[in-house]
Amino acid sequence: MDAAPAPPTYGTQKEHDIALMLAAQCHLGTKNCSNAMERYVFRRNDAGIHIIHLEKTYEKLKMAARVIVAIENPQDVMALSARPYGQRAVLKFSQYLNCKSEAGRHTPGTFTNQIQKRFEEPRLIIVTDPRTDHQPVKEAAYMGIPCIAFADTDSPLHHVDIAIPVNNKSRLSIGLMYYLLARMVLEMRGVVTPEKPFSEVCPSVDLFFYREPEETEAEEVAAETAGFGGGGAGFGAPAADVGGFGGFGDFLPGEKAAALSPADAGWGGPAPEEGGFEAAELLTGPPQAETAGFGVGDFGGGFAPAPVPAQVPPPAAGVTEPSTGVADW
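1. A short note on the overall build of the protein
Here's step 1: In terms of regular secondary structure, the protein is built from 10 helices and 7 strands.
Here's step 2: The buried share among the 329 residues of the protein stands at 32%.
Here's step 3: When the accessible area of the protein is evaluated, it comes to approximately 21,000 Å², of which 57% is carbon and sulfur surface.

Written out as structure tokens, the structure is:
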């Protein structure tokens, strides 16, 4: 039997990163290509799709990382993504770099309207798609804020200062780009070293990938039902004896139920006599002494209240009660 092939080895970190880009299909562009993006296209395949030059993509990634590191306060950097595929990557990117993020729709006036509650004054913005995020790109141009954008072959580059050529329509490609950019920034800051690799800071690149809500819900349901599977402390575990019962013999199948005696099962034994009622008392009621006002013979006989004499209020002082001819009431 042939042994499994050994995993490929890469001489440098750059070769490993480019291999990851190929696996995530970062090199696949679109059938359209703008004039500004022609310099980043390697060739065009038989299907008419433009292939992005990953060597230039890697160079622009390093340039963007140098620009981010040059800003002293990380809170002056803001990452934005209106597209769902980049929202989780933006949040993770801001978590590891301690910068600001905006996932979802950009509120117009965030960079220009100072009386707005969510007014921001970043020194650098990073957008996932220049076409979808055209509003923050335009506002950043008004305020003189530099812009870094992940651009596809058909993306407009108006008001974009650093364009990183990459496939920005795939969730794997977007997540990997933010992962690599975050690792490069932390390496230049000195947080990530050979003694402390990025794998200790971020366990996996999967944290940057977008996940479908249905997939997340399915995993949550599977995790909940796993606790009730056989052998655990859930519904699949054998029933245990509970205080107050002799066991659950009636619910156990096979030989174990037959081996239990009626007394062991808790249903055929004598009733406990600890201040409770006897079996006959449950039907006829316990004997009780005659009490004033009630003649209770048993629980099922009801009760007969004693007659209560009528009470007439006394006449007020100085008032003579009229004669009605009635001797008494």
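Moving on, there is more to tell.
2. Some words on the layout of surface pockets
Here's step 1: The volume enclosed by the largest pocket comes to roughly 170 Å³.
Here's step 2: Among the secondary structure elements, those contributing two or more residues to the lining of the largest pocket are α1 (13-23), α5 (171-189) and α6 (198-201).
Here's step 3: Ranked by residues supplied to the lining of the largest pocket, first place goes to α1 with 4 residues.
Here's step 4: Of the residues contributing to the lining of the largest pocket, the split by class is 6 nonpolar, 4 polar and 3 charged.

3. Some remarks on the side chain of Thr 153
Here's step 1: Tracing the backbone shows Thr 153 in the loop between β6 (147-151) and β7 (162-165).
Here's step 2: Classification of Thr 153 as buried rests on a relative accessible area of 1%.
Here's step 3: In this structure the side chain of Thr 153 is engaged in a polar contact, spanning 2.7 Å, whose partner is the side chain of Thr 30.
Here's step 4: Within the local environment of Thr 153, its side chain forms a polar contact with the backbone oxygen of Asn 32, the two atoms lying 3.0 Å apart.
Here's step 5: In this structure, Thr 153 is in contact with Gly 29, Thr 30, Asn 32, Cys 33, Ser 34, Met 37, Val 41, His 50 and Ile 52, ignoring residues within four places of it in sequence.

4. Looking at the nonpolar core
Here's step 1: Counting 41 residues, the largest nonpolar core has Ile 68 and Phe 93 as its most contacted members.
Here's step 2: Elements represented by at least two residues in this core include exactly α1, α2 (54-69), β3 (77-81), α3 (84-97), β5 (124-127), β6, β7 and α5.
Here's step 3: If one sorts the elements of this core by residue count, α5 sits on top with 11 residues.
Here's step 4: Once residues lying within four places of it in the same chain are set aside, the contact partners of Phe 93 are Ile 68, Ala 79, Cys 99, Ile 126, Tyr 178, Leu 181, Ala 182 and Phe 208.

5. Focus on the sheet that holds β7
Here's step 1: Taken in spatial order, the 5 strands line up as β4-β3-β5-β6-β7 in an open sheet, and their pairing is parallel. A single partner strand is all that each edge strand has here, and the edge strands are β4 (100-103) and β7. Within this sheet the neighbouring strands show an average axis-to-axis angle of 15°, counted without direction.
Here's step 2: Relative to β5, helix α4 (residues 134-143) is tilted by about 160°, and along the sheet it contacts β3, β5 and β6.

6. Digging into the pattern of salt bridges
Here's step 1: All chains considered together, the criterion is met by 9 salt bridges.
Here's step 2: Taking the shortest distance from any N to any O, the salt bridge between Lys 14 and Glu 55 comes out at 2.4 Å. Here Lys 14, found in helix α1, pairs with Glu 55, found in helix α2; they are 41 residues apart in sequence, far enough to count as distant.
Here's step 3: Judged by relative accessible area, which is 30%, Lys 14 ranks as partly exposed.
Here's step 4: Of the residues examined, Glu 55 reaches a relative accessible area of 30% and is grouped as partly exposed.
Here's step 5: A salt bridge links Arg 183 to Asp 17, with the nearest nitrogen and oxygen atoms 2.6 Å apart. Taken together, the residues span a long stretch of sequence, with Arg 183 in helix α5 and Asp 17 in helix α1 at a distance of 166 residues.
Here's step 6: For Arg 183, a relative accessible area of 6% translates into the label buried.

7. Overview of the packing of α3 against α5
Here's step 1: Orientation of α3 relative to α5, taken along the N-to-C sense of each, is 10°, at an axis distance of 9 Å. It follows that α3 is roughly parallel to α5 by the angle criterion. Across from Tyr 85, Gly 86, Ala 89, Val 90, Phe 93, Tyr 96 and Leu 97 in α3, the residues of α5 making contact are Arg 171, Ile 174, Gly 175, Tyr 178, Leu 181, Ala 182, Val 185, Leu 186 and Arg 189.
Here's step 2: Residue classes in the contact of α3 with α5 are distributed as 12 nonpolar, 2 polar and 2 charged.

8. Remarks on the pairing of β4
Here's step 1: Alignment of β3 against β4, held across 4 bridges, turns out to be parallel. Looking across to β4, one finds that Ala 79 is bridged to Ser 101.
Here's step 2: Note that the unit made of β3, α3 and β4 has a crossover that is right-handed.

Parameters at a glance
Residues numbered from 1 in each chain as written. Predicted model: local features only at pLDDT ≥ 70, side-chain atom pairs only at ≥ 80, totals over all residues. Heavy atoms only, no water. Helix = DSSP H or I, 4+ residues; strand = E, 2+ residues; numbered from the N terminus. Buried < 20%, exposed > 50% of the residue type's maximum accessible area, 1.4 Å probe, protein only. Areas by Shrake-Rupley, 256 points an atom, 1.4 Å probe, with all protein chains shown as cover. 1 Å grid on protein atoms, 1.4 Å probe; cavity = no way out; pocket = protein on both sides within 12 Å on 5 of 7 lines; lining within 4 Å. Points joined across faces, edges and corners; volume = space filled by probe spheres on them. Nonpolar A, V, L, I, M, F, W, Y, C, P; charged D, E, K, R; others polar. Polar contact = N/O pair within 3.5 Å; in protein donor to acceptor, adjacent residues only side chain to side chain. Contact = heavy atoms within 4.5 Å. Core = buried A, V, L, I, M, F, W, Y, C linked by side-chain atoms within 4.5 Å. Pairing = 2+ DSSP bridges. Axes fitted to C-alpha atoms, helices over the stretch in contact; angles between N-to-C directions. Salt bridge = Lys/Arg side-chain N within 4 Å of Asp/Glu carboxyl O. Parallel < 35°, antiparallel > 145°, perpendicular 65-115°, else oblique. Right-handed = clockwise from strand over helix to strand, strands pointing away.

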